[in-house]
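Coordinate inspection notes
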Amino acid sequence: MYDFPHRRFNPLTGDWVLVSPQRTRRPWKGRIEKTSGESLPAFDPTCYLCPGNTRAGGVQNPSYTGVFAFDNDFSALVPKTGSIPGESHPLFQAQAELGICRVVCFSPRHDLTIPQLSVEQVAQVIAAWSEQTTDLCRMPGIRHVQVFENKGAIMGCSNPHPHSQIWAQGSIPNEPAKELGEQRDYLSRHDRPLLLDYVQEEQQRKERMVLSNEHFSAIVPFWAVWPFEVLITAHRPVPDLPSLTGEEIISLAEIYRQLAIRYDNLFEISFPYSMGFHQAPNDGQPHPEWVLHAHFYPPLLRSASIRKFMVGYEMLAMPQRDITPETSAERLRSLPDVHYQQTAD
Ligand SMILES: O=C1CCN([C@@H]2O[C@H](COP(=O)(O)O)[C@@H](O)[C@H]2O)C(=O)N1
């Protein structure tokens, strides 16, 4: 790929990213720091999310043994909204937003993250996300369901007990709205879904592929912004999690868990990231353009303690990266597929 400054187009959002590979001519080793890596207990009596404990709002958790979902006690969206008087001025537009936020704990274990769970346990998490999406889409006025996981304190996680969140709301948020427009345009121009053409091309080109199985591929996208950003995409135009078959859920669990294992093996720490699934809008329309996919946005750059910040030029102009997506993919492909703690045990 090009070893001089160039910009790359993101067809899902219509944005560009600046790539400056010449800045990393020196061999890139990536440091493994022997961090203390605080070990968490399997159960924490002070944890709001652990089974049987009382949450901050006073509700007691059941003694759950599998996945546990509950309405967020401090929800950013609520089902009842106020009304905003019509504002005629075009520069001061506001709209009331209704919604529901839920927390989905992966398991009763306070210490086990996705890479440390079994494939079956991860499949149960995905099945729970699917059931929750179906349930939330039945609620009047819900147009979009965002499933996401913030992993690691560096991502602003307020509670270390491994969990995810689901925010369902009345409007389509910025990023999915951009992707809806771009996928629709691509289908109308090329008569095929954008991400199906993309994944087929990447399987031929190979240099940015990280993992692939029968139903999904994990790729460092050509337009990746974060150093080790990964896109997991389906191999068919499945619009949302509830449309996945049982076999596809197992495949998705395998690739999600395997990617998370390699992420942890990169610097031999619990690798932080924000990840989320982009599902088609809940508008009762067919979405032949939409291919279910997940974005992984990890901040770490070259060690457990060196992270990338999107500041300065990147806030004011455009995102920029030194290490190329091809180099990141090569690093991830070269890592063991067994979790470093398992080999240490
Ligand atoms: O008792 C509690 C503690 C945390 N929570 C909710 O759990 C969520 C934890 O997610 P984060 O760690 O990603 O912030 C957070 O949104 C917080 O509001 C409860 O709903 N009840």
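Everything numeric here is computed off the predicted structure, so don't read it as measured data.

With that settled, the discussion passes to the pattern of salt bridges. Applying the stated criterion across every chain, the model contains 16 salt bridges. With a closest N to O distance of 2.9 Å, Arg8 and Glu326 form a salt bridge. Of this pair, Arg8 sits in strand β1 (residues 6–10) while Glu326 is found in helix α6 (residues 325–333), placing the two residues 318 residues apart along the sequence. Each member of the pair, Arg8 as well as Glu326, carries the same accessibility label: buried. For the salt bridge of Lys151 with Asp264, the shortest nitrogen-to-oxygen distance reads 3.0 Å. Here Asp264 lies in helix α4 (residues 246–267) and Lys151 lies in strand β5 (residues 144–151), a separation of 113 residues in the sequence. Accessibility expressed as a relative area gives 5% for Lys151, which makes it buried.

Of the residues examined, Asp264 reaches a relative accessible area of 2% and is grouped as buried. Here Phe271 takes part through its backbone nitrogen, which lies 2.7 Å from a polar atom of the side chain of Asp264. Leaving out residues up to four positions away in the same chain, Asp264 has contacts with Thr113, Pro115, Lys151, Ile269, Ser270, Phe271, His339 and Tyr340.

Overall, the prediction assigns the protein chain a mean pLDDT of 95, with 95% of residues at 70 or greater. As a predicted assembly, this complex carries a pTM of 0.96 together with an ipTM value of 0.94.

Note that Arg236 resides in the loop between β9 (230–234) and α4. Arg236 sits 15 residues away from Pro221 along the chain, and the two C-alpha atoms are 18 Å apart. Not counting the four nearest positions on each side in its chain, Arg236 is found in contact with Leu196, Ser243, Leu244, Thr245, Glu248 and Val291.

Let's shift gears to the nonpolar core. In this structure, Trp129, Ile232, Tyr256 and Phe296 are the most contacted members of the largest nonpolar core, which totals 72 residues. With near-sequence residues (within four places) excluded, Phe296 lies in contact with Glu229, Val230, Ile232, Tyr256, Leu259, Tyr263, Tyr273, Ser274 and Met275. Membership of the second largest hydrophobic core comes to 8 residues, among which are Leu49, Cys50, Tyr64 and Phe68.

Once that is clear, we can look at a nonpolar patch on the surface. A grouping of Phe309, Val311, Met315 and Leu316 is seen on the molecular surface, where their side chains present a nonpolar patch of about 500 Å² in accessible area. Along the chain, Phe309 falls in the loop between β11 (293–297) and α5 (313–316).

Time to look at the sheet that holds strand β7 (residues 209–212). Reading across the sheet, the 9 strands line up as β3-β4-β6-β5-β10-β11-β9-β8-β7 and stay open at both edges, with antiparallel pairing between neighbours. Looking at the sheet topology across the chains shown, the edges are occupied by β3 (68–71) and β7. Neighbouring strand axes in the sheet, compared pairwise and without regard to direction, differ in orientation by 20° on average. Bridging between strand β8 (residues 216–219) and β9 involves 4 bridges; their strand directions are antiparallel. Residue Ala218 lies in a different strand from β9, and its bridge partner there is Ile232. Across the sheet, helix α1 (residues 119–137) is in contact with β3, β4 (99–105), β5, β6 (163–169) and β10 (273–278); its angle to β4 comes to roughly 165°. Contacts from helix α2 (residues 174–190) reach β5, β10 and β11, with the element oriented near 45° to β10.

So, on to the site of the ligand. Every one of the 14 residues lining the ligand counts as a neighbour, but Ala56, Asn72, Asp73, Ser158 and His163 are closest to it. Interatomic distance of 2.6 Å between a backbone N/O atom of Ser158 and an oxygen atom of the ligand. A distance of 3.0 Å separates an oxygen atom of the ligand from a polar atom in the side chain of Gln165. Protein burial of the ligand: of its 470 Å² of free accessible surface, 88% is covered by the chains.

Criteria and thresholds
Residues numbered from 1 in each chain as written. Predicted model: local features only at pLDDT ≥ 70, side-chain atom pairs only at ≥ 80, totals over all residues. Heavy atoms only, no water. Salt bridge = Lys/Arg side-chain N within 4 Å of Asp/Glu carboxyl O. Helix = DSSP H or I, 4+ residues; strand = E, 2+ residues; numbered from the N terminus. Buried < 20%, exposed > 50% of the residue type's maximum accessible area, 1.4 Å probe, protein only. Polar contact = N/O pair within 3.5 Å; in protein donor to acceptor, adjacent residues only side chain to side chain. Contact = heavy atoms within 4.5 Å. pLDDT = per-residue confidence, 0-100. Core = buried A, V, L, I, M, F, W, Y, C linked by side-chain atoms within 4.5 Å. Patch = residues over 30% accessible without salt bridge, like charges linked within 9 Å, V, L, I, M, F, W, Y side chains within 5 Å. Areas by Shrake-Rupley, 256 points an atom, 1.4 Å probe, with all protein chains shown as cover. Pairing = 2+ DSSP bridges. Axes fitted to C-alpha atoms, helices over the stretch in contact; angles between N-to-C directions. Near = heavy atom within 4 Å.

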